[in-house]
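So you can see what is in the structure, the chains are spelled out below.
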Amino acid sequence: MQIAPTPGGRSPVAALVLAAGGGRRLGGRPKALIRYGGRPLVEHAAAVVRAGGCADVTVVLGAEGERVRATAHLPGCRLVANPDWAGGMGSSLRAGLAALPPGASAVLVMLVDTPGVTPAAVARLLAAHRAGAELVAAAYGGRRGHPVLIGARYLAEAAAGARGDAGARALLAAHAAEVVLVECADVAVPDDLDTPADLARWSAGRPSSPGRSAP
């Protein structure tokens, strides 16, 4: 499927949800199926990027991928299997980028384990891109976090540099002067869900672990 241009002439932004992790520090439960707000995290992440303005959504699955497909309700999402998911986030980013349809002006990369990211935060990154930015990251108190947006002209470089758990970190470091930071601390929380303590805080509505650097 090719992404159609918006009425204004610029192609829309596609979303890429990285949901392949095995949740090793969460007792080996795939992160995609951890329950948050009454539904699997992968459903929550896909709903957030859609509500934020991304009509085209690709989800990269890995750990217990068939179980995720059978359990999670992801209508309209493109599901991509990453057989090398255990090698780190970089392999999932490469798999997702390779599966995207042509025509997107940029890709918004969303991690499945950042449930505090909101549609409002996604919308702010898309607005920055519409204003001309090609590399955009959400910021929290001035510190770069998630999600990140990568313009089409950087996608090949992003894929080439995605290794281990670094994801797009090499790309963002190489073009640090070009990255537009969009403050989102007033509408989102950057914390990830990585350990049983994190899960307990999120379940209690008290996320407080430090956010990690961008993918």
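Description of the structure in this document.

With that settled, the discussion passes to the overall build of the protein. Within the protein one finds 7 helices and 9 strands. Put simply, the protein has 215 residues, and 53% of those count as buried. Sequence separation of at least 24 residues holds for 68% of the intrachain contacts in the protein that already meet a minimum separation of 6.

Now for the sheet that holds strand E7 (residues 135-140). Spatial ordering of the open sheet is given by E5-E4-E1-E6-E8-E7-E9, a layout of 7 strands whose pairing is mixed. Two strands close off the open sheet at either side, each with one partner strand: strand E5 (78-81) and strand E9 (179-183). Taking each pair of neighbouring strands and ignoring which way they run, the sheet shows an average axis angle of 25°. Packing of helix H1 (residues 41-52) onto the sheet brings it into contact with strand E1 (13-19), strand E4 (57-61) and strand E6 (106-111), and relative to E1 it is tilted by some 165°.

As a further point, take the environment of cysteine 77. Looking at the secondary structure, you find cysteine 77 in the loop between helix H2 (65-71) and E5. Judged by relative accessible area, cysteine 77 falls into the buried class, the value being 15%. Residues cysteine 77 and aspartate 56 lie 21 residues apart in sequence; the distance between their C-alpha atoms is 7.3 Å. Setting aside residues no more than four positions away along its own chain, cysteine 77 makes contact with Ala46, Arg50, Val57 and Val59.

Here we take up helix H4 (residues 119-130). With 12 residues, H4 extends 16 Å from end C-alpha to end C-alpha; this agrees with the ideal 16 Å at 1.5 Å per step. Burial in H4 covers these residues: Ala121, Val122, Leu125, Leu126, Ala128 and His129. Taken down its axis, H4 places every buried residue within 155° of arc, on the same side. Positive backbone phi, approximately 120°, marks glycine 132, located one or two places after H4.

This brings us to H1. Along an α-helix, a turn takes 3.6 residues, which lines up residues three or four apart on a common side. End to end, H1 covers 16 Å across 12 residues, agreeing with the expected 16 Å (1.5 Å per residue, within 8%). Most of H1 sits out of view: 9 of its 12 residues are buried. All of the buried residues in H1 are Leu41, Val42, Glu43, His44, Ala45, Ala46, Val48, Val49 and Gly52. At the C-terminal side of H1, glycine 53 shows a positive phi close to 125°.

To continue, consider unusual backbone geometry. With the exception of glycine, most residues fall at negative phi, and the peptide bonds are largely trans. In this chain, histidine 146 is followed by proline 147 through a cis amide linkage whose omega measures -5°. Relative to the assigned elements, proline 147 resides in strand E8 (residues 143-151). In the Ramachandran plot, glutamate 64 falls in the positive-phi region, its phi being about 50° despite a non-glycine side chain. Locating glutamate 64 in the fold gives a position in the loop between E4 and H2.

Turning our attention to the nonpolar core. For soluble globular proteins, the rule of thumb is that nonpolar side chains tend to be buried together. Ranked by internal contacts, the top residues of the largest apolar core, which has 41 residues, are Val42, Val49 and Leu108. Those elements that place two or more of their residues in this core are E1, H1, E4, E6, H4 and E7. Each residue touching leucine 108, except ones within four places of it in the same chain, is listed here: Val13, Ala14, Ala15, Leu16, Val49, Cys54, Val122, Leu125, Leu126, Pro147, Val148 and Leu149. One finds Ala14, Val80, Leu135 and Ala137 within the second-largest nonpolar core, a separate group that totals 26 residues.

Procedures and definitions
- Residues numbered from 1 in each chain as written.
- Predicted model: local features only at pLDDT ≥ 70, side-chain atom pairs only at ≥ 80, totals over all residues.
- Heavy atoms only, no water.
- Helix = DSSP H or I, 4+ residues; strand = E, 2+ residues; numbered from the N terminus.
- Buried < 20%, exposed > 50% of the residue type's maximum accessible area, 1.4 Å probe, protein only.
- Contact = heavy atoms within 4.5 Å.
- Pairing = 2+ DSSP bridges.
- Axes fitted to C-alpha atoms, helices over the stretch in contact; angles between N-to-C directions.
- Expected span 1.5 Å × (residues − 1).
- Arc of directions from axis to C-beta.
- Core = buried A, V, L, I, M, F, W, Y, C linked by side-chain atoms within 4.5 Å.

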